[in-house]
Amino acid sequence: MSAPVTEDLLIVGAGGFARETAQAVRDVAAADVARGRPPRWRLAGHLDDDPALHGREVDGVPVPGGCELVHDLPAARVVVCVGSPRDYAVRARLVRRLGLPVDRYATVVHPAAAVSGSSAVGPGSVLLAHCVLTAGVRVGSHVAVMPQAVLTHEDEVGDFATLASGVRLGGGVRVGRGAYVGAGALVREYAGIGAWSLTGMGSTVLADVPAGEVWAGSPARHLRPAGATALAELAREAGVPGGAPCGPAGDAPVPAGDAPVRAGAPAHGTEDGTGPNGRRPQTRMESPLV
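If you're wondering where the values come from, they're calculated on a predicted model, not measured in any experiment. (Residues numbered from 1 in each chain as written. Predicted model: local features only at pLDDT ≥ 70, side-chain atom pairs only at ≥ 80, totals over all residues. Heavy atoms only, no water.)

### Re the environment of His 130
Just so we agree on the cut-off: Helix numbering and strand numbering both begin at the N terminus, where a helix is a DSSP run of H or I of at least 4 residues and a strand a DSSP run of E of at least 2. Only heavy atoms enter the contact rule, under which two residues are in contact if any of them lie within 4.5 Å.
On the secondary structure map, His 130 appears in the loop between β9 (126-127) and β10 (132-133). Placed 17 residues apart in sequence, His 130 and Ala 113 show a C-alpha to C-alpha distance of 4.5 Å. In this view, His 130 contacts Ala 112, Ala 113, Gln 148 and Ala 149; residues no more than four positions away in its chain are not counted.

### A few points about the side chain of Asp 32
Tracing the backbone through its elements, the reader meets Asp 32 in helix α1 (residues 16-34). For Asp 32, the contacting residues outside a window of four places in its chain are Arg 37, Pro 38, Pro 39 and Arg 40.

### Focus on the sheet that holds strand β14 (residues 156-157)
Short version of the rule: Two strands pair under a simple rule: DSSP has to find at least two bridges between them.
The sheet built from 5 strands is open, its strands ordered β8-β11-β14-β17-β20 with parallel pairing. Taken across any chain shown, the strands that pair with only one partner, and hence form the sheet edges, are β8 (120-121) and β20 (192-193). In the sheet, β14 pairs with strand β17 (residues 174-175) via 2 bridges, with the strands oriented parallel. Paired with Glu 156 across the strands is Arg 174, a residue of β17.

### Regarding the nonpolar core
Where we set the bar: Nonpolar cores are built from buried Ala, Val, Leu, Ile, Met, Phe, Trp, Tyr and Cys residues. Side-chain atoms within 4.5 Å join them into one set. Buried means the residue's accessible area, taken with a 1.4 Å probe over protein chains only, is under 20% of the maximum for its type, while exposed means over 50%, and partly exposed covers the values in between.
By size, the foremost hydrophobic cluster in this structure holds 28 residues, and its most contacted members are Val 12, Val 70, Val 80, Leu 98 and Trp 196. Those elements that provide at least two residues to this core are β1 (7-12), β5 (77-80) and α2 (90-98). The greatest single-element share of this core, amounting to 5 residues, is contributed by α2. Formed by 27 residues, the second largest nonpolar core is a distinct cluster that contains Ala 113, Ala 161, Val 181 and Val 205.

### Some details on unusual backbone geometry
Cis rather than trans, the peptide bond between Ser 218 and Pro 219 has omega equal to 0°. Here Pro 219 shows up in the loop between β23 (213-216) and β24 (221-225). In the Ramachandran plot, Gln 148 falls in the positive-phi region, its phi being about 65° despite a non-glycine side chain. Considering the arrangement of structural elements, one finds Gln 148 in the loop between β12 (144-145) and β13 (150-151).

### Topic: the sheet that holds β1
Defined as follows: Lines fitted to C-alpha atoms define the axes here, with helix axes fitted over just the stretch in contact, and angles between the N-to-C directions of these axes take values from 0 to 180 degrees.
Strand order in this open sheet of 3 strands is β2-β1-β5, and the pairing throughout is parallel. Each having just a single partner strand, β2 (41-47) and β5 make up the two edges of the open sheet. Each adjacent strand pair in this sheet contributes to an overall mean axis angle of 25°, direction not counted. In this sheet, β5 lies alongside β1 in parallel orientation, the contact comprising 4 bridges. Within the sheet, the bridge partner assigned to Ile 11 lies in β5 and is Val 79. Packed on one face of the sheet, α1 meets β1, β2 and β5 and runs near 170° to β2.

### Re the packing of aromatic side chains
Heads up, the rule is: Any two rings among Phe, Tyr and Trp, with Trp reduced to its six-membered ring, count as a pair given centres within 6.5 Å; such a pair is stacked if its planes are under 30 degrees apart, edge-to-face if over 60, and tilted if neither. Placement of a charge over a ring requires the Lys NZ or Arg CZ to be within 6 Å of the ring centre, with the centre-to-atom vector within 35 degrees of the ring normal.
Counted under the stated rule, the structure contains 1 aromatic pair. Ring plane angle 50° and centroid distance 5.8 Å describe the contact between Tyr 88 and Tyr 180, whose orientation is recorded as tilted. Taken together, the residues Tyr 88 in the loop between β5 and α2 and Tyr 180 in strand β18 (residues 180-181) connect sequence positions 92 residues apart. The exposure classification of Tyr 88 matches that of Tyr 180, with both residues buried. When the ring centre of Trp 41 is taken as origin, the NZ or CZ atom of Arg 40, which lies over that ring, is 6.0 Å away.

### Observations concerning the side chain of Thr 162
Assignment of secondary structure puts Thr 162 in strand β15 (residues 162-163). Accessibility expressed as a relative area gives 5% for Thr 162, which makes it buried. If near-sequence neighbours (up to four positions away) are discounted, Thr 162 is found in contact with Arg 91, Ala 144, Ala 179, Tyr 180 and Val 181.

### A few points about the packing of α2 against helix α3 (residues 228-238)
Here is the rule we go by: Small angles under 35 degrees read as roughly parallel and large ones over 145 as roughly antiparallel, with 65 to 115 read as roughly perpendicular and the rest as oblique.
Interaxial distance between α2 and α3 falls to 10 Å at its minimum, and their mutual angle equals 55°. The angle between α2 and α3 falls in the class oblique. In contact with Ala 92, Arg 93 and Arg 96 of α2, α3 contributes Thr 229, Glu 233 and Arg 236.

Quick look at the structure:
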(Lines give C-alpha, C1' and ligand atoms only; values in the text may rest on other atoms or scores of the structure.)
Protein backbone atom coordinates (compact mmCIF):
# COMPACT_ATOMS: atom_id res chain seq x y z
CA MET A 1 0.00 0.00 0.00
CA SER A 2 1.41 3.41 -0.99
CA ALA A 3 1.99 6.04 1.69
CA PRO A 4 -0.58 8.86 1.96
CA VAL A 5 0.27 11.93 -0.10
CA THR A 6 -0.45 15.50 0.97
CA GLU A 7 -2.48 17.29 -1.71
CA ASP A 8 -2.89 21.00 -2.33
CA LEU A 9 -6.39 22.30 -1.60
CA LEU A 10 -7.96 25.45 -3.06
CA ILE A 11 -10.96 27.02 -1.31
CA VAL A 12 -13.18 28.92 -3.72
CA GLY A 13 -14.51 31.89 -1.77
CA ALA A 14 -13.02 34.00 1.01
CA GLY A 15 -16.03 34.86 3.16
CA GLY A 16 -17.33 33.39 6.40
CA PHE A 17 -18.01 29.86 5.21
CA ALA A 18 -14.68 29.73 3.36
CA ARG A 19 -12.80 30.88 6.46
CA GLU A 20 -14.57 28.25 8.57
CA THR A 21 -13.62 25.60 6.03
CA ALA A 22 -9.99 26.75 6.05
CA GLN A 23 -9.93 26.33 9.82
CA ALA A 24 -11.47 22.86 9.47
CA VAL A 25 -8.71 21.95 7.01
CA ARG A 26 -6.09 23.12 9.51
CA ASP A 27 -7.77 21.03 12.21
CA VAL A 28 -7.82 17.97 9.92
CA ALA A 29 -4.10 18.46 9.26
CA ALA A 30 -3.36 18.75 12.99
CA ALA A 31 -5.33 15.57 13.68
CA ASP A 32 -3.43 13.74 10.92
CA VAL A 33 -0.08 14.80 12.34
CA ALA A 34 -1.16 13.78 15.85
CA ARG A 35 -1.89 10.31 14.47
CA GLY A 36 1.57 10.12 12.92
CA ARG A 37 0.53 10.44 9.28
CA PRO A 38 1.06 13.15 6.65
CA PRO A 39 -1.59 15.89 6.48
CA ARG A 40 -4.28 15.16 3.92
CA TRP A 41 -4.17 18.67 2.47
CA ARG A 42 -1.97 21.72 2.21
CA LEU A 43 -3.95 24.97 2.00
CA ALA A 44 -2.92 26.45 -1.34
CA GLY A 45 -5.13 29.52 -1.02
CA HIS A 46 -8.54 31.12 -1.31
CA LEU A 47 -9.78 32.06 -4.77
CA ASP A 48 -12.23 34.94 -4.94
CA ASP A 49 -13.59 37.15 -7.71
CA ASP A 50 -13.27 40.28 -5.56
CA PRO A 51 -10.16 42.02 -6.99
CA ALA A 52 -9.68 43.93 -3.73
CA LEU A 53 -8.66 40.63 -2.09
CA HIS A 54 -6.12 39.57 -4.72
CA GLY A 55 -2.58 39.45 -3.39
CA ARG A 56 -3.76 39.67 0.20
CA GLU A 57 -4.23 37.10 2.95
CA VAL A 58 -7.36 35.97 4.80
CA ASP A 59 -6.53 34.54 8.22
CA GLY A 60 -3.01 33.87 6.97
CA VAL A 61 -4.14 32.10 3.77
CA PRO A 62 -3.19 33.83 0.49
CA VAL A 63 -5.75 34.96 -2.09
CA PRO A 64 -3.77 34.67 -5.36
CA GLY A 65 -6.65 35.63 -7.65
CA GLY A 66 -10.09 34.87 -9.01
CA CYS A 67 -11.99 31.60 -9.17
CA GLU A 68 -10.81 30.73 -12.69
CA LEU A 69 -7.32 30.05 -11.31
CA VAL A 70 -8.55 26.54 -10.46
CA HIS A 71 -7.85 25.72 -14.11
CA ASP A 72 -4.22 26.84 -13.80
CA LEU A 73 -3.57 24.48 -10.88
CA PRO A 74 -4.94 21.16 -12.16
CA ALA A 75 -3.26 19.05 -9.46
CA ALA A 76 -5.01 20.88 -6.61
CA ARG A 77 -8.22 19.62 -5.06
CA VAL A 78 -11.06 22.12 -4.76
CA VAL A 79 -13.96 22.91 -2.46
CA VAL A 80 -16.48 25.67 -3.24
CA CYS A 81 -17.43 27.56 -0.08
CA VAL A 82 -19.84 30.34 -1.00
CA GLY A 83 -23.46 31.05 -0.20
CA SER A 84 -25.81 33.21 1.80
CA PRO A 85 -29.54 33.17 2.54
CA ARG A 86 -29.68 36.24 0.30
CA ASP A 87 -28.49 34.08 -2.62
CA TYR A 88 -28.10 30.46 -1.66
CA ALA A 89 -28.06 29.36 -5.32
CA VAL A 90 -24.64 30.95 -5.89
CA ARG A 91 -22.76 27.74 -5.04
CA ALA A 92 -24.56 25.78 -7.76
CA ARG A 93 -23.96 28.52 -10.32
CA LEU A 94 -20.28 28.71 -9.48
CA VAL A 95 -19.75 24.94 -9.64
CA ARG A 96 -21.49 24.93 -13.02
CA ARG A 97 -19.38 27.83 -14.22
CA LEU A 98 -16.09 26.17 -13.21
CA GLY A 99 -17.02 22.93 -14.96
CA LEU A 100 -14.51 20.79 -13.04
CA PRO A 101 -14.58 16.99 -13.08
CA VAL A 102 -15.97 15.34 -9.99
CA ASP A 103 -12.58 13.98 -8.94
CA ARG A 104 -11.21 17.51 -8.49
CA TYR A 105 -13.50 18.09 -5.52
CA ALA A 106 -12.43 17.33 -1.97
CA THR A 107 -14.77 16.38 0.89
CA VAL A 108 -13.89 18.19 4.12
CA VAL A 109 -15.07 16.64 7.39
CA HIS A 110 -13.92 18.32 10.59
CA PRO A 111 -12.25 15.85 12.99
CA ALA A 112 -14.79 16.81 15.66
CA ALA A 113 -17.70 15.78 13.41
CA ALA A 114 -19.27 12.37 14.04
CA VAL A 115 -20.06 10.50 10.82
CA SER A 116 -21.26 6.93 11.21
CA GLY A 117 -19.84 4.13 9.09
CA SER A 118 -23.26 3.60 7.50
CA SER A 119 -23.49 7.22 6.32
CA ALA A 120 -22.05 8.75 3.13
CA VAL A 121 -20.97 12.26 2.14
CA GLY A 122 -20.56 13.39 -1.47
CA PRO A 123 -17.68 15.24 -3.16
CA GLY A 124 -17.34 18.96 -2.56
CA SER A 125 -19.30 18.84 0.70
CA VAL A 126 -18.12 20.37 3.99
CA LEU A 127 -19.08 19.16 7.47
CA LEU A 128 -17.97 21.52 10.23
CA ALA A 129 -17.24 20.83 13.89
CA HIS A 130 -19.62 18.86 16.10
CA CYS A 131 -22.14 18.00 13.42
CA VAL A 132 -23.51 14.44 13.72
CA LEU A 133 -24.66 11.90 11.11
CA THR A 134 -26.11 9.01 13.07
CA ALA A 135 -27.08 6.07 10.83
CA GLY A 136 -27.77 5.56 7.14
CA VAL A 137 -27.54 9.29 6.35
CA ARG A 138 -26.89 10.35 2.76
CA VAL A 139 -25.40 13.79 2.08
CA GLY A 140 -25.04 14.81 -1.56
CA SER A 141 -22.40 16.87 -3.34
CA HIS A 142 -21.44 20.47 -2.51
CA VAL A 143 -23.51 20.45 0.68
CA ALA A 144 -22.67 22.80 3.56
CA VAL A 145 -23.33 21.38 7.05
CA MET A 146 -22.59 23.98 9.69
CA PRO A 147 -21.49 23.34 13.31
CA GLN A 148 -23.69 21.29 15.64
CA ALA A 149 -26.18 20.22 12.98
CA VAL A 150 -27.66 16.78 13.74
CA LEU A 151 -28.85 14.44 10.98
CA THR A 152 -30.51 11.29 12.26
CA HIS A 153 -31.31 7.89 10.77
CA GLU A 154 -32.00 7.68 7.02
CA ASP A 155 -31.95 11.43 6.37
CA GLU A 156 -31.16 12.42 2.79
CA VAL A 157 -29.73 15.82 1.83
CA GLY A 158 -29.64 16.83 -1.83
CA ASP A 159 -26.78 18.45 -3.69
CA PHE A 160 -26.02 22.13 -2.95
CA ALA A 161 -28.20 22.20 0.17
CA THR A 162 -27.16 24.22 3.24
CA LEU A 163 -27.87 23.19 6.83
CA ALA A 164 -27.01 26.15 9.05
CA SER A 165 -25.69 25.91 12.61
CA GLY A 166 -27.75 23.90 15.08
CA VAL A 167 -30.23 22.41 12.59
CA ARG A 168 -31.89 19.23 13.85
CA LEU A 169 -33.39 16.76 11.37
CA GLY A 170 -35.64 13.97 12.63
CA GLY A 171 -35.32 10.53 11.07
CA GLY A 172 -36.21 10.00 7.44
CA VAL A 173 -36.19 13.69 6.50
CA ARG A 174 -35.63 14.55 2.82
CA VAL A 175 -33.91 17.88 2.14
CA GLY A 176 -34.18 18.78 -1.53
CA ARG A 177 -31.50 20.01 -3.88
CA GLY A 178 -30.26 23.51 -3.07
CA ALA A 179 -32.54 23.99 -0.05
CA TYR A 180 -31.40 26.32 2.74
CA VAL A 181 -32.38 25.32 6.30
CA GLY A 182 -31.76 28.21 8.69
CA ALA A 183 -29.88 28.16 11.97
CA GLY A 184 -31.57 26.29 14.81
CA ALA A 185 -34.43 24.94 12.68
CA LEU A 186 -36.10 21.72 13.86
CA VAL A 187 -37.54 19.39 11.22
CA ARG A 188 -40.02 16.67 12.16
CA GLU A 189 -39.27 13.07 11.20
CA TYR A 190 -40.14 12.09 7.60
CA ALA A 191 -40.90 15.68 6.60
CA GLY A 192 -39.75 16.94 3.22
CA ILE A 193 -37.90 20.21 2.56
CA GLY A 194 -38.44 21.11 -1.09
CA ALA A 195 -35.74 21.96 -3.59
CA TRP A 196 -34.47 25.55 -3.51
CA SER A 197 -36.72 26.40 -0.58
CA LEU A 198 -35.63 28.44 2.44
CA THR A 199 -36.60 27.55 6.00
CA GLY A 200 -36.17 30.42 8.45
CA MET A 201 -33.88 30.30 11.44
CA GLY A 202 -35.42 28.85 14.59
CA SER A 203 -38.37 27.38 12.70
CA THR A 204 -40.19 24.21 13.72
CA VAL A 205 -41.11 22.27 10.58
CA LEU A 206 -44.06 19.96 11.13
CA ALA A 207 -45.26 19.64 7.50
CA ASP A 208 -43.63 19.40 4.10
CA VAL A 209 -42.08 22.63 2.79
CA PRO A 210 -42.83 22.93 -0.95
CA ALA A 211 -40.08 23.59 -3.46
CA GLY A 212 -39.21 27.22 -4.13
CA GLU A 213 -40.95 28.69 -1.09
CA VAL A 214 -39.86 30.49 2.09
CA TRP A 215 -41.32 29.05 5.29
CA ALA A 216 -40.61 30.24 8.81
CA GLY A 217 -41.99 30.30 12.35
CA SER A 218 -43.05 27.79 14.97
CA PRO A 219 -44.82 25.96 13.53
CA ALA A 220 -43.33 26.91 10.16
CA ARG A 221 -45.76 28.49 7.69
CA HIS A 222 -45.61 29.85 4.18
CA LEU A 223 -44.21 33.35 3.95
CA ARG A 224 -43.53 34.05 0.27
CA PRO A 225 -41.88 32.59 -2.82
CA ALA A 226 -38.13 32.03 -2.70
CA GLY A 227 -35.82 34.67 -4.16
CA ALA A 228 -35.35 35.11 -7.88
CA THR A 229 -32.04 33.24 -8.10
CA ALA A 230 -33.42 30.18 -6.28
CA LEU A 231 -36.52 30.17 -8.48
CA ALA A 232 -34.28 30.45 -11.54
CA GLU A 233 -32.46 27.27 -10.47
CA LEU A 234 -35.77 25.50 -9.86
CA ALA A 235 -37.01 26.49 -13.33
CA ARG A 236 -33.73 25.51 -14.93
CA GLU A 237 -33.86 22.03 -13.42
CA ALA A 238 -37.50 21.64 -14.40
CA GLY A 239 -36.58 22.49 -18.01
CA VAL A 240 -38.95 25.45 -18.16
CA PRO A 241 -38.29 27.28 -21.47
CA GLY A 242 -36.82 30.66 -20.70
CA GLY A 243 -37.01 29.93 -16.99
CA ALA A 244 -33.31 30.33 -16.30
CA PRO A 245 -31.23 31.37 -19.31
CA CYS A 246 -27.51 30.85 -18.90
CA GLY A 247 -24.63 32.91 -20.18
CA PRO A 248 -21.58 31.56 -21.99
CA ALA A 249 -20.02 30.44 -18.71
CA GLY A 250 -23.13 28.50 -17.69
CA ASP A 251 -23.91 31.02 -14.97
CA ALA A 252 -27.54 31.96 -14.55
CA PRO A 253 -27.87 35.74 -14.59
CA VAL A 254 -28.95 37.56 -11.47
CA PRO A 255 -32.40 39.06 -12.17
CA ALA A 256 -32.90 42.79 -11.84
CA GLY A 257 -33.35 43.84 -8.24
CA ASP A 258 -31.14 41.07 -6.83
CA ALA A 259 -27.70 42.33 -5.87
CA PRO A 260 -25.02 39.91 -7.06
CA VAL A 261 -23.16 38.10 -4.31
CA ARG A 262 -19.41 37.81 -4.78
CA ALA A 263 -17.76 34.46 -4.31
CA GLY A 264 -16.57 35.35 -0.83
CA ALA A 265 -19.99 36.35 0.55
CA PRO A 266 -20.62 35.21 4.14
CA ALA A 267 -22.40 31.94 4.66
CA HIS A 268 -24.61 33.27 7.41
CA GLY A 269 -27.05 36.16 7.27
CA THR A 270 -30.59 37.22 7.98
CA GLU A 271 -33.76 35.22 7.50
CA ASP A 272 -37.44 36.07 7.47
CA GLY A 273 -40.38 35.86 9.84
CA THR A 274 -43.70 34.07 9.45
CA GLY A 275 -47.14 34.53 7.96
CA PRO A 276 -50.41 32.56 8.01
CA ASN A 277 -50.23 29.29 6.13
CA GLY A 278 -50.54 29.78 2.40
CA ARG A 279 -51.17 33.55 2.61
CA ARG A 280 -49.19 36.74 2.69
CA PRO A 281 -48.33 37.83 6.24
CA GLN A 282 -50.85 40.13 7.86
CA THR A 283 -48.16 42.20 9.51
CA ARG A 284 -45.31 43.79 7.62
CA MET A 285 -41.90 42.21 8.17
CA GLU A 286 -39.61 44.99 7.02
CA SER A 287 -36.87 43.87 9.44
CA PRO A 288 -36.12 40.14 9.01
CA LEU A 289 -35.37 38.00 12.00
CA VAL A 290 -31.65 37.87 12.75
